[in-house]
Amino acid sequence: MCGIVGFTGRRQRREEILKDMMDAIIHRGPDGEGSYFGESVALGHRRLSIIDLEGGSQPMFNEDGSVVIVFNGEIYNFMELRAQLIEAGHTFATDHSDTEVLVHGYEEWGEGMLQKLRGMFAFAIWDEKAQSLFCARDHFGIKPFYYYLTDEDELLFGSEIKSFLAHPGFKKELNEEQLELYLTFQYSPGENTFFKGVKKLLPAHSLLWKDGQLTAKRYWEPRFEPEEGKTMSDWEERIEQVMRQSVQAHKVSDVEVGSFLSSGVDSSYMAYLAHVDKTFTVGFANKQYDETDYAAEFSKFMGVNNYAYRIEPEEYWRNLPRIQYHMDEPLADAASVALYFVNREAAKQVKVCLSGEGADEFFGGYNIYKEPFTVSWYDHIPLPIRRAVGAVAEKLPPVHGVNFLVRRSKPLEERYIGNTNLMSERQKKKLLKHYTGRTKPTDLSRPYFAKTAGQDPVTRMQYTDLHLWMVGDILLKADKMSMANSLELRVPFLDREVFEVARRIPAQYRADAEHTKMAMRGAAARSIPEKTADKKKLGFPVPVRAWLREEQYAAVVREKFTSEAAGRFFNTGELTHMLDQHVSGKRDNWRQIWCVFMFLTWYEEYFVKR
């Protein structure tokens, strides 16, 4: 696992600029650095040594030096591809490098190489003969890739946006339009970012820069195509087989591999299959939010060592600015902070950890997937009547029953944007000083519903979450919090072979009114205790709701809410009113408060301090 940066053009002081860009992401690769300067390109690499410790330095070249790559990630089927390339006549300079496989794979197959890869990756390949830069991001978006075009038509790219700040052609400007979307999603969705002009290369997309022209295109698409005729037992067996294979592939390393362990089935099943020696857990003194006792018990069942760390409230709050800095963009998922600490503790002992991201999106694990099966009679009421009831309910305080009436007043494709739908347009209009409403959250989710027209509701929600929630929240925090601590995080559920099984599972074996990811839980129950396989997901829960009712922490938020920065974007009276309601117990506003507070914390890091 590493960090990559680079830019095109023939600017003066390229060596100094590239060095500063690499230094900005040194946390992604503290073990070494490398650079390449062609006539019209500069490539930089920071290395965290995992595979081929002696011979895997980057940038890496083909035989005559005309093709050069910088690469972040791991290719799990590289030995198989290496054998094919040797048979085709390619000569390898290393014995055990997945990076060199990409170099020769590009020579042999061009962009067709992407269809053959099994792994997580973001890379840039400079072709000296074609004078082109070919870049790609993995199938599910596990590894990040950002890019930016300067006024001089230079292309900047990198694993993290913060590296762009060191380039003199980069204009650091806030993209305020992204704030409206963020307040609903709790993360920065889609290809745009909070920095004007900076874009994310979307999952399963490639990027070609040639003759000053930039072309992005999709090279693969996940599709759910349920296969009828098999029993639940059949699917459990297939899941068990493919997960065992995936976990073993993800353990390939020349350094020790550990595993995260919360109290849910995903991490428990994965840790059991992996047979690692060490598991890592974080918790809090408040037992309602603590999973360390469970992790210790389950680790004892597996016969492995568990290392648990209880986070103190003061250190949680003290590290918030640092965490938002590492995120590159604001993220209001409170669990991301807990993830920072579990990565920090794991990094003290190992360089690689396995984690359970992706199981919910693949197998139907979120509680919201139960919704189509609950109070289903209400959906038979004529839509115009439901819309009228919802319009009235939307003007009432957002309590549980009212939220139901608002949500079910609209068809699924009009109301579902992902696992989180935090603030309505009405709420944002009250809070924001410059509300425009130009881009609605459903503008981002609508294309994914269009591609799943005619399929069952659970499939349509899963497909949307794969493209929005998983990439924008789940994988963002997984990558940024692990890399902040120079730890490689691997996600065995997010594997192409695993998805090949998951996408065929009929909806009735994924979720119903009472259960989620049923087939996967059944597969897990073949190996781990049934009570663990059936356990509700918590995923490093955090007691922010309670903390915000304590004066010492409410005061920290209040100071941000009345700051000059807050006054630039928000009606601060509405912010403090929202906080007062929560502190007094009149309303549970913690998630809305946290969303605004994290934005202001991030904004201060990037636009006030720097």
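Above this text is the structure in question.
First, a word on what this report is: a plain description of the structure on this page. (Residues numbered from 1 in each chain as written. Predicted model: local features only at pLDDT ≥ 70, side-chain atom pairs only at ≥ 80, totals over all residues. Heavy atoms only, no water.)

## Thoughts on the overall build of the protein
Inference 1: Looking only at helices and strands, the protein features 26 helices and 17 strands.
Inference 2: In summary, the protein has a C-alpha radius of gyration of 24 Å against a globular reference of 25 Å for 610 residues, a match within 12%.
Inference 3: Considering only intrachain contacts with a sequence separation of at least 6, the fraction spanning at least 24 residues in the protein is 72%.
Inference 4: For the protein, the exposed area adds up to about 23,000 Å²; of that, 49% sits on carbon and sulfur atoms. (Helix = DSSP H or I, 4+ residues; strand = E, 2+ residues; numbered from the N terminus. Rg over C-alpha atoms; globule rule 2.2 N^0.38 Å. Contact = heavy atoms within 4.5 Å. Areas by Shrake-Rupley, 256 points an atom, 1.4 Å probe, with all protein chains shown as cover.)

## A closer look at the pattern of salt bridges
Inference 1: Using the criterion set out here, one finds 55 salt bridges in the structure.
Inference 2: Residues Asp23 and Lys19 are paired through a salt bridge, measuring 3.0 Å at the closest nitrogen-oxygen approach. Separated by four residues within a single helix, Asp23 and Lys19 lie in helix α1 (residues 14–23), roughly one turn from each other.
Inference 3: When its relative accessible area of 32% is taken as the criterion, Lys19 is described as partly exposed. (Salt bridge = Lys/Arg side-chain N within 4 Å of Asp/Glu carboxyl O. Buried < 20%, exposed > 50% of the residue type's maximum accessible area, 1.4 Å probe, protein only.)

## Observations regarding the nonpolar core
Inference 1: Core analysis: the biggest nonpolar cluster contains 172 residues, and Phe123, Tyr316, Trp317, Phe570, Trp594 and Phe599 have the highest contact counts within it.
Inference 2: By residue number, the principal contributor to this core is helix α26 (residues 590–608), which donates 13 residues.
Inference 3: In this structure Phe123 touches Ile4, Ile69, Val70, Phe71, Leu102, Met113, Leu114, Leu117, Phe134, Cys135, Ala136 and Phe145, once residues within four positions along its chain are discounted.
Inference 4: Ranked by size, the runner-up nonpolar core spans 18 residues in total, among them Tyr36, Trp126, Leu133 and Phe145. (Core = buried A, V, L, I, M, F, W, Y, C linked by side-chain atoms within 4.5 Å.)

## Considering the packing of aromatic side chains
To describe a pair of aromatic rings, one takes the distance between the centres and the angle between the planes.
Inference 1: In the structure shown here, the tally under the stated rule is 52 aromatic pairs.
Inference 2: Aromatic side chains Phe195 and Tyr606 sit 5.6 Å apart centroid to centroid with 80° between the ring planes, which places their arrangement in the edge-to-face category. A residue pair is termed long-range when its members are at least 10 positions apart, and Phe195 in the loop between α4 (177–185) and β10 (199–200) and Tyr606 in helix α26 qualify at 411 residues.
Inference 3: Looking at Tyr606, the relative accessible area reads 0%, which means it is buried.
Inference 4: It is Lys162 that lies over the ring of Tyr325; its NZ or CZ is 4.9 Å from the centre.
Inference 5: Above the face of the Tyr309 ring, Arg344 is positioned so that its terminal group lies 5.1 Å from the ring centre. (Phe/Tyr/Trp six-rings, centres within 6.5 Å; stacked < 30°, edge-to-face > 60°. Lys NZ or Arg CZ within 6 Å of the ring centre and 35° of its normal.)

## A word on the sheet that holds strand β11 (residues 205–210)
Within a sheet, adjacent strands bond to each other through the backbone by hydrogen bonds, running parallel or antiparallel.
Inference 1: Read across the sheet, six strands follow the order β4-β5-β6-β7-β11-β12 without closing on themselves; strand pairing throughout is antiparallel. Of all strands in the sheet, those bounded by a partner on one side alone are β4 (60–61) and β12 (213–218).
Inference 2: By the bridge criterion, six bridges tie strand β6 (residues 119–127) to strand β7 (residues 132–137) in an arrangement that is antiparallel. Within the sheet, the bridge partner assigned to Ile125 lies in β7 and is Phe134. (Pairing = 2+ DSSP bridges.)

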